[in-house]
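Residues per chain are reported as follows:
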Amino acid sequence: MTTSSAPLRVALVGHAFMGRAHAHAWRTAPRFFDLPRDPELAVVVGRDAARAATAAHELGAAESSADWREVIARDDIDIVDVCAPGDVHAEVAIAALAAGKHVLCEKPLARTVAEAERMAEAARTAPAGTRAMCGFSYRRTPALAYARQLIADGRLGAIRHVRAQYLQDWLTDPEAPLTWRLDKDVAGSGTLGDIGAHSIDTAQWLLGDDIAAVSAQLRTFVAERPILSEQRGLGGRAAADAERGPVTVDDAVAFTASFAGGALGVFEATRFALGRRNANRIEINGDRGSIAFDFERMNELEFYDASDDDGAQGFRRIQVTEPVHPYAARWWPTGHGLGYEHLFTHQAADLVAAIASGVDPSPTFEEALRVQRVLDAVERSAGASSILTPVNGAA
Ligand code: SOE
């Protein structure tokens, strides 16, 4: 490992959508944040050497590799950033932690609770000073970070309701091809782990309270899809005469949840909400106030304060772009909003700051394991035969 004033050199494992978002973040964070050590995107790792080399060139890394084990063994790599599909997370993250590399791993942490437990254990037993963080990036949205401050300051009072929806529509077309996100062996679960996990993490983090029990339904609307010939973004292309393969994960999930502290949660996640491209929404009602957020308007937070004058009661729409708002002072003048990529830049900056100051960056693997336990409980609940009570059936 390099000395403490030297750059933190990053190996990026995976260079598709998430890899590109993270690469942009590693390069941008030191330019906009005053960091104790600068991160430096050093190596891009991919299964295919030629594609990894092209990605390294495009993303601004000096080197590329098709061998993550060789990269992890190097002394001049400090951070291993795992942006590859879920079936790679545990193996790479555990090896990197054992080698004393700090790890940032995309969400959901793992495919199963057992895998996530092994990863959390690897983080606990890694050489002293080695840090591990899971990429629940929405925590770094200024509006949500500000909502958390309001809740922590007691402005919402005792929390009664959490209403979370994560709505996308990129699978509505039954001809959309079979990507890795639809393969249980690779992804662990479908909509539940890919986007429902964000809602679970956001809710637990905002409340500072964990989900204690769930009652769930999962649905797969399209059972078979054409085999993919080329991945592009979230989807990709399939040949006109492509064979079909089975979708082995959920397309949508709905569940109710009890938080340990007594709040009642209603969660929904789907890739079939036509017209909703990335509507990651959450509303929280307390006995003194409420907040409402929709990522499609990510620079805004709605806040209702029951202590407002009677005549002025109502949700106010706060533009979360003031210098007092989390992260905002680092960017543009008031009113000039941020975008999706900024979440990853904030995440990179927070991780570097934590490494340099010798503290664990949140969410730790332990926190991500707690999300994984909720995902697992949702799947078990949905699989339980007693979950649905017939409306017109015999008593
Ligand atoms: C796909 O549904 C996806 O890219 C997720 O994997 C990300 O975590 C989310 O931020 C956007 O949607």
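Residues numbered from 1 in each chain as written. Predicted model: local features only at pLDDT ≥ 70, side-chain atom pairs only at ≥ 80, totals over all residues.

Along its length, the chain carries 10 helices and 18 strands. The C-alpha atoms of the chain give a radius of gyration of 21 Å, which matches the 21 Å a tight globule of 395 residues would have. With the C-alpha coordinates aligned to their principal axes, the bounding extent of the chain is approximately 60 × 55 × 40 Å. Per-residue burial over the chain gives 45% buried out of 395 residues. (Helix = DSSP H or I, 4+ residues; strand = E, 2+ residues; numbered from the N terminus. Rg over C-alpha atoms; globule rule 2.2 N^0.38 Å. Buried ≥ 20, exposed ≤ 12 C-beta atoms within 10 Å, placed from the backbone.)

The next subject is the site of the ligand. Surveying the vicinity of the ligand reveals the residues Phe 17, Gln 168, Asp 194, Ile 195, Leu 234 and Asn 278. Tallied by class, residues from the shell around the ligand come to 3 nonpolar, 2 polar and 1 charged. (Near = placed C-beta within 6 Å. Nonpolar A, V, L, I, M, F, W, Y, C, P; charged D, E, K, R; others polar.)

In this fold, Val 374 is placed in helix H10 (residues 365–383). A sequence separation of 239 residues divides Val 374 from Gly 135, and the C-alpha atoms of the two residues are 17 Å apart. With sequence-adjacent residues up to four places away left out, Val 374 is seen in contact with Ile 200, Ile 211 and Val 214. (Contact = placed C-beta atoms within 7 Å.)

Here the focus is the sheet that holds strand E18 (residues 316–319). Read across the sheet, 8 strands follow the order E8-E13-E14-E7-E15-E16-E17-E18 without closing on themselves; strand pairing throughout is mixed. Both outer strands of the open sheet, strand E8 (211–219) and E18, are each paired with one neighbouring strand and no more. Adjacent strand axes in the sheet meet at a mean angle of 15 degrees when their direction is disregarded. Two elements, strand E16 (residues 289–294) and strand E17 (residues 300–305), share 4 bridges in a ladder whose sense is antiparallel. Across the sheet, the residue bridging to Ala 292 is Glu 302, located in E17. (Pairing = 2+ DSSP bridges. Axes fitted to C-alpha atoms, helices over the stretch in contact; angles between N-to-C directions.)

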